[in-house]
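The lines below spell out each chain.
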Amino acid sequence: MNYSVSMPYNDYGTWLRQRFPYKVQKISVDAGFTCPNRDGRLGTGGCIYCNNDSFNPSYCQREKSVKQQLVEGKEFFRRKYPEMRYMAYFQAFTNTYSTLDHLKSLYEEALDVEDVVGLVIGTRPDCIDDTLLDYLTQLARQTMVTLEYGIETANDDTLRLIRRGHDFQCVRDAVERTKGRGIVIGGHVILGLPGEDAEESVRQATIMSELGLDVLKIHQMQIIRGTRLAQMYAENPFHLYSPEEYSELIVRYLEHLSEDMVVERFASQSPKEMLIAPKWGLKNYELTNLIVNKMKREGRRQGSLFVSNSLAMSRSL
Ligand code: SF4
C-alpha cells in the first residue's frame, strides 16, 4: 500500500505533502488560449458539455497577465495561510495550443512569480508534440510539472457522441509519449456521460489504472447552461446520479482502480447560476467526506478489487 492508512484511498493531498514541506495550493490561470474544438481546426461548437466560464474563478480573467492573475490569486489565499506556496494551474481551454515560444513565455512568467513552485497544464491529448514534451522534461528537472490530459471516457462511441474530436487511442499515445520524462501525468474523466452506466464506469477504472497516469481527477456529469448538452437534456432528459448513487459509484470505481493511482478529486462544483442539473447543494469537500465516511464504515478501499487486464487475460489462457 502506498498511501496513508487513515485514508481509504490514495488522496492527492497526502501525496502532495510527501513532495513539498509546506502547504501548496493551485491558482487557476486563464492565459487566453482557445482550443481546436472551438477555433475551427477540428470544430467550432466545442465538446457538447463545455462552457469554460463554469470553471474560472473570479480572480482569473484572461485580460489580465499571467503574473497579475497569480499575484491576485496569492492575495486571496495568503490572508488565511501566509506560509502557503502555489502551483500555477493553466486551466481554461487547451493550454498547450500555441507556438512553443509563446508557451515558454507564459509558463516561465508563471514560474517567475514568487512562491510559485510548480505548473499544472490542462490540455487535450491531441495537442502535444515531442518538442514541447522535451521542453517540459527540462522544466520538470527544476520544478513540478503536471500535464493534465482531458480524457473524459475510454469509450470511443461516447467520445464521438460528446464531439471530443479525438479517440481513446489518441489518449494512449499521448500518455505513452509523456511517460518516463519526470512529468507528472494527470487525467480527467467524467462519470455519467450520456450512454454510460455504472458498469461502464467501473470497467473504465481498470483501463485508467493501466494507462500510465499518476493522478486522476473524476467529475460528475453536470448539465451547464448554454451548452449543446443542455439542449439535448431539455429535449431528452437522461439519468443523472443522486449524491448517494454517485458516492456508491465512486467507491466501486476506487475499488477497481489500482492503489498506485493518486486521486485528486471526485466532483466539480459549477457556479449555481450556470448549473441546470444535478443540483446536489454539496460542496466538494462535503461529497468527499460522504465518500470517505462510507468507505470507512463499509470497510472498502481503493484497489481492493483491482485486477489488471493483462493478468485477467493470462488467467484465462
Ligand atoms: S472541453 Fe476543452 S477541448 Fe472541449 S471544447 Fe471545451 S476547451 Fe475545448
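The model shown is predicted, which means the values in this text are computed figures rather than measured ones. (Residues numbered from 1 in each chain as written. Predicted model: local features only at pLDDT ≥ 70, side-chain atom pairs only at ≥ 80, totals over all residues. Heavy atoms only, no water.)

Novice: Would you mind going over the layout of surface pockets with me for this structure?
Specialist: Sizing a probe to match a water molecule and rolling it over the atoms shows the empty space that remains. Within this model, the second largest pocket holds a volume of roughly 330 Å³. Per element, the largest residue contribution to the lining of the second largest pocket is 3 residues, and it comes from helix H10 (residues 284–298). Its residues placed into classes, the lining of the second largest pocket shows 7 nonpolar, 7 polar and 4 charged. (1 Å grid on protein atoms, 1.4 Å probe; cavity = no way out; pocket = protein on both sides within 12 Å on 5 of 7 lines; lining within 4 Å. Points joined across faces, edges and corners; volume = space filled by probe spheres on them. Helix = DSSP H or I, 4+ residues; strand = E, 2+ residues; numbered from the N terminus. Nonpolar A, V, L, I, M, F, W, Y, C, P; charged D, E, K, R; others polar.)

Novice: I tried to follow the nonpolar core on my own but got confused; where do I start?
Specialist: Nonpolar side chains in soluble globular proteins tend to end up buried together. Grouped together as the largest cluster of nonpolar side chains are 81 residues, with contacts concentrated most on Phe-90, Leu-136, Met-208 and Ile-218. Ranked by residues supplied to this core, first place goes to helix H9 (residues 243–255) with 6 residues. Other than its neighbours up to four places away in sequence, Leu-136 contacts Tyr-107, Ile-121, Val-145, Leu-147 and Ile-183. (Core = buried A, V, L, I, M, F, W, Y, C linked by side-chain atoms within 4.5 Å. Buried < 20%, exposed > 50% of the residue type's maximum accessible area, 1.4 Å probe, protein only. Contact = heavy atoms within 4.5 Å.)

Novice: Would you mind going over the packing of H9 against H10 with me for this structure?
Specialist: How two helices sit against one another is set out by the angle between their axes and by the gap between those axes. Closest axis-to-axis distance for the H9/H10 pair is 10 Å, and the angle between their directions is 60°. With respect to H10, the axis of H9 lies oblique. Note that H9 runs across H10; the crossing there is right-handed. Counting all contacts with H9, which are made through Tyr-246, Ser-247, Glu-248, Ile-250, Val-251 and Leu-254, the residues of H10 involved are Leu-287, Leu-290, Ile-291, Lys-294, Met-295 and Glu-298. Here the residues of the contact of H9 with H10 sort into 8 nonpolar, 1 polar and 3 charged. (Axes fitted to C-alpha atoms, helices over the stretch in contact; angles between N-to-C directions. Parallel < 35°, antiparallel > 145°, perpendicular 65-115°, else oblique. Left-handed = near helix turned anticlockwise from the far one by under 90°.)

Novice: I would appreciate a short explanation of the packing of aromatic side chains in the present structure.
Specialist: To describe a pair of aromatic rings, one takes the distance between the centres and the angle between the planes. Taken as a whole and judged by the stated rule, the model has 9 aromatic pairs. Between Tyr-233 and Phe-238, the aromatic rings sit 5.3 Å apart at their centres with planes inclined by 85°, giving edge-to-face as the arrangement. Pairwise contacts between aromatic rings join Phe-76, Phe-77 and Tyr-86 into one cluster. Taking the ring centre of Tyr-89 as reference, the NZ or CZ of Lys-26 above it sits at 4.7 Å. For the cation-ring pair, Arg-85 lies above Tyr-22, with the distance from its terminal atom to the ring centre recorded as 4.2 Å. (Phe/Tyr/Trp six-rings, centres within 6.5 Å; stacked < 30°, edge-to-face > 60°. Lys NZ or Arg CZ within 6 Å of the ring centre and 35° of its normal.)

Novice: Honestly, unusual backbone geometry in this entry has me stumped. Any pointers?
Specialist: Leave glycine aside and you will find that most residues have negative phi; peptide bonds, for their part, are mostly trans. In this chain, Ala-277 is followed by Pro-278 through a cis amide linkage whose omega measures -5°. Topologically, Pro-278 is positioned in the loop between strand S9 (275–277) and H10. A positive phi angle, close to 60°, is found at Phe-93, a residue other than glycine. Tracing the backbone through its elements, the reader meets Phe-93 in the loop between strand S2 (85–90) and helix H3 (100–112). Judged by relative accessible area, which is 24%, Phe-93 ranks as partly exposed. One non-glycine residue, Arg-163, lies in the positive phi region at around 60°. Topologically, Arg-163 is positioned in the loop between helix H5 (156–161) and helix H6 (168–178). According to the relative accessible area criterion, Arg-163 is partly exposed, its value standing at 45%.

Novice: Is there a simple way to think about empty space enclosed by the protein in this case?
Specialist: Enumeration according to the criterion identifies 1 cavity of 30 Å³ or more in this entry. As a volume, the largest cavity reaches approximately 50 Å³. Lining the largest cavity are Tyr-12, Lys-26, Val-120, Thr-146, Glu-148, Gly-186, Gly-187, Val-215 and Glu-264. Only strand S4 (144–152) and strand S5 (184–191) provide two or more residues apiece to the lining of the largest cavity. Looking at the lining of the largest cavity residue by residue, the class counts come to 3 nonpolar, 3 polar and 3 charged.

Novice: Looking at this structure, how should I read the pairing of S2?
Specialist: Summarising burial for S2: 5 of the 6 residues are buried, a large majority. Pairing of S2 with strand S3 (residues 116–123), which is carried by 5 bridges, proceeds in the parallel orientation. Note that in S3 the partner of Phe-90 across the bridge is Ile-121. Handedness of the S2-H3-S3 crossover: right-handed. (Pairing = 2+ DSSP bridges. Right-handed = clockwise from strand over helix to strand, strands pointing away.)

Novice: Mind showing me how you'd approach helix H7 (residues 198–211) here?
Specialist: Spacing of three or four residues puts side chains on the same side of an α-helix, whose turn is 3.6 residues. End to end, H7 covers 20 Å across 14 residues, agreeing with the expected 20 Å (1.5 Å per residue, within 8%). What H7 keeps buried is the set Glu-200, Ser-201, Val-202, Gln-204, Ala-205, Thr-206, Met-208, Ser-209 and Leu-211. In this structure Asp-197 caps H7, since a side-chain oxygen of it lies 3.3 Å from the backbone nitrogen of Glu-199. Once H7 ends, the next one or two residues include Gly-212, with phi positive near 110°. (Expected span 1.5 Å × (residues − 1). Polar contact = N/O pair within 3.5 Å; in protein donor to acceptor, adjacent residues only side chain to side chain.)

Novice: Mind showing me how you'd approach helix H2 (residues 66–78) here?
Specialist: Here H2 is 13 residues long and its end C-alpha atoms lie 18 Å apart, about the 18 Å a rise of 1.5 Å per residue gives. The set of residues buried in H2 consists of Val-66, Gln-69, Leu-70, Gly-73, Lys-74 and Phe-77. Around the axis of H2, the buried residues are gathered within 135° of arc, so they sit on the same side. Here the buried face of H2 lies against strand S1 (24–29), S2, H3 and S3. (Arc of directions from axis to C-beta.)

Novice: Explain the pairing of S5 to me, please; I cannot follow it from the model alone.
Specialist: Burial within S5 is extensive, with 8 of its 8 residues counted as buried. Side chains Val-184, Gly-186, His-188 and Ile-190 project from S5 onto one buried face, and the interleaved Ile-185, Gly-187, Val-189 and Leu-191 project onto a second face that is buried too. Here 6 bridges tie S4 to S5, and the two strands are oriented parallel to one another. Bridge pairing links Glu-152 to Val-189 in S5.

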